[in-house]
Amino acid sequence: LFLGNGPSGICLSYLLSGYVPYFKRESLHPHSILQRKLEEAPDVSILDQDLEYLSEGLEGRSHSPMALLFDTLLRPDTDFGGTTESVLTWWHEPSRAIPHLVLGKNPPGGAWHSIEGSVITLSRGEWMGLPDLPFKDWLRQKRRGLRNDRATAEDIAQYYQYYVVAKGLQKNFRCGTVVTSVRKVTVESISNHAQKDLQQGSDSLWNFTEENMEIFKVDGYFKNAEGDKEPFSIYAQNVVLATGTYDRPTWLRVKGENLSYVHHQLSALEEAVKDGSISIMSDPVLIVGAGLTAADAILFAHYCNIPVIHAFRRRVNDPGLIFNQLPKMMYPEYHKVHQMMKEQTAACSGPYESYISLPEHHVLSFGKDKKCILQDKNGYQKVYKISMALVLTGSNPNLSFLPNNGIDLAMDCDQPVNPKRNPIDVDPFTYECTQEKGLYALGPLAGDNFVRFVQGGALAVASSLLKKANKNPP
């Protein structure tokens, strides 16, 4: 059972539906040591090989050996601007399929359906693709090209939906579902009726004869066409967490942050412009944050001639600032925002109208009269009259359905799960949680934050589940 139907869940569903990757005999991988390893057992699928051995010595833009392995098999020299084809060939072997369900609130594609469609992806378009159906090929069918090698969020969301249908995975997906609880129970504690359902649904893969054996009970509800909530309970021996991190925006925890004019999502600004409540004549919109979502909000406001006050904690030349890590040629719009942040401070006016940058500032409070108090690094306070505030300082996963919000599963089990600072602690070659056997974590929850790298985790989970189910050939 997978919780989450974004790219991680879709990729894993593909691998568990009997689609098996093999090394393409005539292909040549630019990494000579990996090529030699792949040639050692060309008749053995990648899923059945020693993944730790294959991934040894690989280097790249991820810390995960499995992410690097699957990425380099799918896109061998992409980091060097090359276009070498994948060295994998895919065979459909239905006898090796493992029955599974993929639960998600949105249509297949997950949080990509919640992002404003015109937003351009940070990653190159080809890196957004899933196995055996390159994103560029799909885009070509629509007679479209990539802008600066990048795609829009709307294209990505449509591609993921298309992929599920094209690969015949729809039967595994249950959209419009919300999971409220995941708990371990003993087989003995569940009703005979549920035990029968469990054994029939398991395709005789698992042995449920031990009464004291523990399995997962997953509770939640499904929203029907009338909008009513229909509760469900599902029992599974293995559960995969792939819910991403888009669910719960980070709050500043300052006075007045719960007032109606303070928002935590970019869509609030888009809606306010659409319905006319914010316009060129309004008081400035305060945007808090120095990441890409804050930059998207600034670009949107700039395009609509909406005045902006932009407050952020870092220095503009801080090497940790995302803008200082992006190539200017590939990301011209983000470079423009960074330029505005540097040149248009309150102290010195620059060429950009209706925009003020406040580096090294933080919010002290929001008032009912729409006045916001900001403080700079020297302790000086300033009051600004604003029409709206957007706090865009990142987001955290919502793991309220797990005991103790999943904190016990994290690398540091005294702190909440955070994709960048404190991901779930998983085995690097199976992605099974070290603290809870049978529970797996994929994608940002396990520290893999880009679509191109979440797929390696799916390969690891599929390999592990095939071994457990004894579906590996001799």
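Quick caveat, the model's predicted, so the values are computed rather than measured.

1. Let's talk about the overall build of the protein chain
When helices and strands are counted, the protein chain shows 11 helices and 22 strands. For 474 residues, the compact-globule estimate of 2.2 N^0.38 gives 23 Å, and the C-alpha radius of gyration of the protein chain, at 24 Å, lies within 12% of that figure. Expressed along its principal axes, the backbone C-alpha trace of the protein chain runs to roughly 70 × 55 × 40 Å. Looking at the protein chain as a whole, 52% of its 474 residues qualify as buried. When contacts within the protein chain are restricted to residue pairs at least 6 apart in sequence, long-range pairs at least 24 apart make up 68% of them. By element, 49% of the accessible surface of the protein chain is carried by carbon and sulfur atoms, the whole surface being about 22,800 Å². Taking the average place of the 48 positive charges on the side chains of the protein chain and the average place of its 53 negative ones, the gap between the two points comes to 6 Å.

2. Description of the pairing of strand β19 (residues 381-385)
If a strand is regular, its side chains alternate between the two faces of the sheet. The pairing of strand β18 (residues 371-376) with β19 spans five bridges and is antiparallel. In the strand pairing of β19, Q375 is matched with Q381. Remark: four residues form the turn of the hairpin made by β18 and β19, two consecutive strands paired antiparallel; G379 in that turn has positive phi of roughly 90°.

3. Thoughts on the domain arrangement of the protein chain
Often, the extent of an interface is quoted as the loss of accessible area upon association of its parts. Domain boundaries assigned for the protein chain yield domain 1 (2-173 + 397-469) and domain 2 (250-394). Distance from the C-alpha centre of domain 1 to the C-alpha centre of domain 2: 34 Å. At the junction of the two partners, domain 1 supplies seven residues and domain 2 supplies 10 residues. For the pair domain 1 and domain 2, the summed buried area comes to about 750 Å², and 57% of that belongs to carbon and sulfur atoms. Counting the contacts that link domain 1 with domain 2 gives zero salt bridges. At the boundary of domain 1 and domain 2, one finds zero residue pairs in polar contact (both at pLDDT 80 or more). A per-element tally of the side of domain 1 that touches domain 2 places strand β5 (residues 120-124) first, with three residues. Considering only residue class, the side of domain 1 that touches domain 2 consists of three nonpolar, one polar and three charged.

4. Regarding the packing of helix α1 (residues 7-15) against helix α6 (residues 153-166)
Interhelical geometry of α1 versus α6 gives an angle of 15° and a closest axis separation of 11 Å. Judged by the angle between their axes, α1 and α6 are roughly parallel. Pair α1 / α6 crosses with left-handed handedness. Contacts from P7, I10 and Y14 of α1 reach α6 at Y160, Y163 and V164. Here the residues of the contact of α1 with α6 are counted per class, giving six nonpolar, no polar and no charged.

5. Observations concerning the pattern of salt bridges
Here the structure, examined in full by the defined rule, presents 13 salt bridges. For K217, the salt bridge is made with D219, and the minimal N-O distance between the two is 3.7 Å. K217 gets classed as partly exposed once you look at its relative accessible area, which sits at 25%. The partner of R314 in a salt bridge is D318, with the nearest N and O atoms 3.3 Å apart. With a relative accessible area of 15%, D318 lands in the buried category. Through salt bridges with shared partners, a single network forms among D71, R75 and R452.

6. Concerning the packing of aromatic side chains
Tallied over the full model, the rule gives 10 aromatic pairs. Between the aromatic rings of Y14 and W90, the centroid separation amounts to 5.2 Å while the plane-to-plane angle is 55°, which identifies the pairing as tilted. Of this pair, Y14 sits in helix α1 while W90 is found in strand β3 (residues 88-92), placing the two residues 76 residues apart along the sequence. Residue class for Y14 comes out buried when judged on its relative accessible area of 0%. Between Y261 and F366, the ring centres sit 6.3 Å apart and the planes meet at 85°, which makes this aromatic pair edge-to-face.

7. Some thoughts on empty space enclosed by the protein
On inspection of all chains with the given rule, the structure shows one cavity of 30 Å³ or more. Reported here for the largest cavity is a volume of approximately 40 Å³. Lining the largest cavity are F323, L326, P327, K328, Y331, Y334 and H335. Looking at the lining of the largest cavity residue by residue, the classes come out as five nonpolar, one polar and one charged.

8. Examining the nonpolar core
Judged by nonpolar contacts, the single largest core of 87 residues is most densely connected at L3, L12, L69, Y160, L241, I424 and L459. If you tally residues by element for this core, the top one is helix α11 (residues 451-468), at nine residues. The contacts of L69, once residues within four sequence positions are left out, are L34, L51, L54, S55, L58 and L459. Counting 31 residues, the second largest nonpolar core, distinct from the first, contains I287, V308, M340 and M388.

Conventions we followed
Residues numbered from 1 in each chain as written. Predicted model: local features only at pLDDT ≥ 70, side-chain atom pairs only at ≥ 80, totals over all residues. Heavy atoms only, no water. Helix = DSSP H or I, 4+ residues; strand = E, 2+ residues; numbered from the N terminus. Rg over C-alpha atoms; globule rule 2.2 N^0.38 Å. Buried < 20%, exposed > 50% of the residue type's maximum accessible area, 1.4 Å probe, protein only. Contact = heavy atoms within 4.5 Å. Areas by Shrake-Rupley, 256 points an atom, 1.4 Å probe, with all protein chains shown as cover. Lys, Arg positive; Asp, Glu negative; His and termini not counted. Charge placed at Lys NZ, Arg CZ, Asp CG, Glu CD. Pairing = 2+ DSSP bridges. Domains from an automatic or database assignment. Buried area = accessible area lost by both parts, 1.4 Å probe. Salt bridge = Lys/Arg side-chain N within 4 Å of Asp/Glu carboxyl O. Polar contact = N/O pair within 3.5 Å; in protein donor to acceptor, adjacent residues only side chain to side chain. Nonpolar A, V, L, I, M, F, W, Y, C, P; charged D, E, K, R; others polar. Axes fitted to C-alpha atoms, helices over the stretch in contact; angles between N-to-C directions. Parallel < 35°, antiparallel > 145°, perpendicular 65-115°, else oblique. Left-handed = near helix turned anticlockwise from the far one by under 90°. Phe/Tyr/Trp six-rings, centres within 6.5 Å; stacked < 30°, edge-to-face > 60°. 1 Å grid on protein atoms, 1.4 Å probe; cavity = no way out; pocket = protein on both sides within 12 Å on 5 of 7 lines; lining within 4 Å. Points joined across faces, edges and corners; volume = space filled by probe spheres on them. Core = buried A, V, L, I, M, F, W, Y, C linked by side-chain atoms within 4.5 Å.

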